[in-house]
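Structural characterization, general
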Amino acid sequence: MISEALRSLVRCPDCRGRLQTSSSELMCPKCDRHYPTADHSFLDLRPSSRFDETTKYLDEKLHEDERYETVSLPLLSTAIRNDMLNKFLDFEAGDRVLDLGCGSGRFLVWNTLPRIHLVGIDVSPHFALEARNNIDLLLGDLRRLPVEDGAFSKAYSFDVLEHLSRDDLVSMLDEANRVLEPGGRLFVYSHVRQNSILAIGLRAINRLASGLEAIGLLDLTHERLRKSDHRNPLADIDDLHSLVTVAGFRVRRIRYYTPLIGGFIENILLRVAEHALSNRIKARKVIGAGETGKGHASPSNPMQIARADAKRWIAKRGVVYLVLRCMTWLMKIDLWLFGRIKSGPFFTLLEKTSTSSST
């Protein structure tokens, strides 16, 4: 979606000039750059000079099973993250909210409310259909945001900071500061390198998952690709405080999240179930192809079919949905038990106190 409200706040990422509409494109009279708008579901406002460091989320392999093509109901860890987003940012009528690194746009879809202007920006164009049709979206770089100063009252970012180098994280925070109004707030979910003793449990879960993969009970290929460009620039929580202070923020609130129960449910139970369902689909297709004399089954990726089936079952709000809701409640125990224990993963609310020292 490209609304008039979005057109009014976007700026040239190269020179920050105000963009003008010209036939089927936007153009910057200041630097004479033209931005085609042939795709009416989002604006492509990437800077002309691309950064050397990019994310694996641009890799088509990460999206080949179309897991991000549509948005399901918030469940499991995404439900916990969405709940924390709402508790920390407390959306109100009149808010102008920017999702920094929105991915498919699912958090935008889940938080569509009357009289709130939501905008998502990501470097990858793999937006979900619901987001493309209903949300203002920008294809751009977080290190050079193509919007005017002070355009937003609130912003949030999930699973982005750990993908950035130290310098790029500084640039992202500087830009977030610039586009937030005075007193604006930024909600972040990420992690630091220093962890607590609770991480022993997470390492045990990961070792168990690797063992189950070795005997063919689950597949961690997608997870390895997703984490393959983690740079983890933050050393510890003190480092977080120091960095955000230089960027013109203060830590207003923080809650830690070590998903022990959640890790077992999502990384073991659900992956085993997903892999088993995928294998059943694969076997059924091979048998069907043999019976019809057509040789090997071709069509879609079995994992893609399995995920599509799961989304349909969830949408019906039947048994599968209820089971996942119960699992979600179990996963919240991690927050209740360990939320005050300083650990690697964290939710934090940052408040803009001044202009960044580098802007």
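Computed from a predicted model, the values in this text were never measured in an experiment.

Across its full length, the chain holds 12 helices and 11 strands. For the chain, with 359 residues in total, the buried portion stands at 49%. In the chain, of all internal contacts separated by at least 6 residues, the share reaching a separation of at least 24 is 76%. For the chain, the computed accessible surface area is about 17100 Å², with 54% contributed by carbon and sulfur atoms.

What follows deals with the pattern of salt bridges. In this structure the tally under the stated criterion is 20 salt bridges. Between Glu223 and Arg271 there is a salt bridge, with its nearest N and O atoms 3.1 Å apart. One end of the pair, Glu223, is in helix 7 (residues 221-227); the other, Arg271, is in helix 9 (residues 260-291), with 48 residues separating them in the sequence. Of the two residues, Glu223 and Arg271, both sit in the buried class. Between Arg250 and Glu351 there is a salt bridge, and its shortest N-O distance comes to 2.9 Å. Of this pair, Arg250 sits in strand 10 (residues 249-256) while Glu351 sits in strand 11 (residues 345-352); the two residues are 101 residues apart in sequence, bridging distant segments of the chain. The class of Glu351 is buried, set by a relative accessible area of 13%. Residues joined by salt bridges that share partners form a network here, namely Arg16, Asp149, Glu175 and Arg178.

Moving on: the pairing of strand 3 (residues 33-36). Along any regular strand the residues' side chains alternate between the sheet's two faces. Two strands pair when backbone bridges link them, and strand 2 (residues 25-28) and strand 3 are joined in this way by 4 bridges, in the antiparallel orientation. Each residue of the ladder has a partner; that of Met27, found in strand 3, is His34. Counting the residues that bridge the hairpin from strand 2 to strand 3 gives 4 residues, and of these Asp32 lies at a positive phi of roughly 60 degrees.

With mixed pairing, 8 strands are arranged side by side in an open sheet as 4-7-6-5-8-9-11-10. Edge positions in the sheet fall to strand 4 (43-44) and strand 10, since each has one partner strand and no second. Against the sheet, helix 2 (residues 76-89) touches strand 8 (152-158), strand 9 (180-191), strand 10 and strand 11, its axis set at about 25 degrees to strand 11. Lying on the sheet, helix 5 (residues 166-179) is in contact with strand 5 (96-100), strand 8, strand 9, strand 10 and strand 11; it crosses strand 9 at an angle near 145 degrees.

What follows is about the packing of helix 5 against helix 8 (residues 237-246). A pair of packed helices can be characterised by two numbers: the angle between their axes and the separation between those axes. Where helix 5 contacts helix 8, the two axes come as close as 10 Å, and the packing angle between them is 50 degrees. Taken together, the axis directions place helix 5 and helix 8 in an arrangement best described as oblique. Here Arg166, Leu169, Val170 and Leu173 of helix 5 come into contact with helix 8, specifically with Asp239, Leu243 and Val244. In terms of residue class, the contact of helix 5 with helix 8 is made up of 5 nonpolar, no polar and 2 charged.

Moving on: the sheet that holds strand 3. Sheet architecture is open: 3 strands sit in the order 1-2-3, paired in antiparallel fashion. Edge positions in the open sheet fall to strand 1 (20-22) and strand 3, since each of these has one partner strand only. Looking at each pair of strands side by side, their axes are set apart by 35 degrees on average, direction ignored.

The next point concerns unusual backbone geometry. The phi angle at Leu76 is positive, at roughly 60 degrees, despite the residue not being glycine. Structurally, Leu76 is set in helix 2. Residue Leu76 is classed as buried on the basis of its relative accessible area, which comes to 10%. Phi is positive for Arg317, close to 55 degrees, though the residue is something other than glycine. The topology assignment puts Arg317 in the loop between helix 10 (302-315) and helix 11 (319-331).

Right, let's get into the pairing of strand 2. As paired strands, strand 1 and strand 2 are joined by 3 bridges and run antiparallel to one another. Bridging across to strand 2, Thr21 finds its partner in Leu26.

Cut-offs and rules
Residues numbered from 1 in each chain as written. Predicted model: local features only at pLDDT ≥ 70, side-chain atom pairs only at ≥ 80, totals over all residues. Heavy atoms only, no water. Helix = DSSP H or I, 4+ residues; strand = E, 2+ residues; numbered from the N terminus. Buried < 20%, exposed > 50% of the residue type's maximum accessible area, 1.4 Å probe, protein only. Contact = heavy atoms within 4.5 Å. Areas by Shrake-Rupley, 256 points an atom, 1.4 Å probe, with all protein chains shown as cover. Salt bridge = Lys/Arg side-chain N within 4 Å of Asp/Glu carboxyl O. Pairing = 2+ DSSP bridges. Axes fitted to C-alpha atoms, helices over the stretch in contact; angles between N-to-C directions. Parallel < 35°, antiparallel > 145°, perpendicular 65-115°, else oblique. Nonpolar A, V, L, I, M, F, W, Y, C, P; charged D, E, K, R; others polar.

Everything listed is a geometric property; what it means functionally is a separate question.
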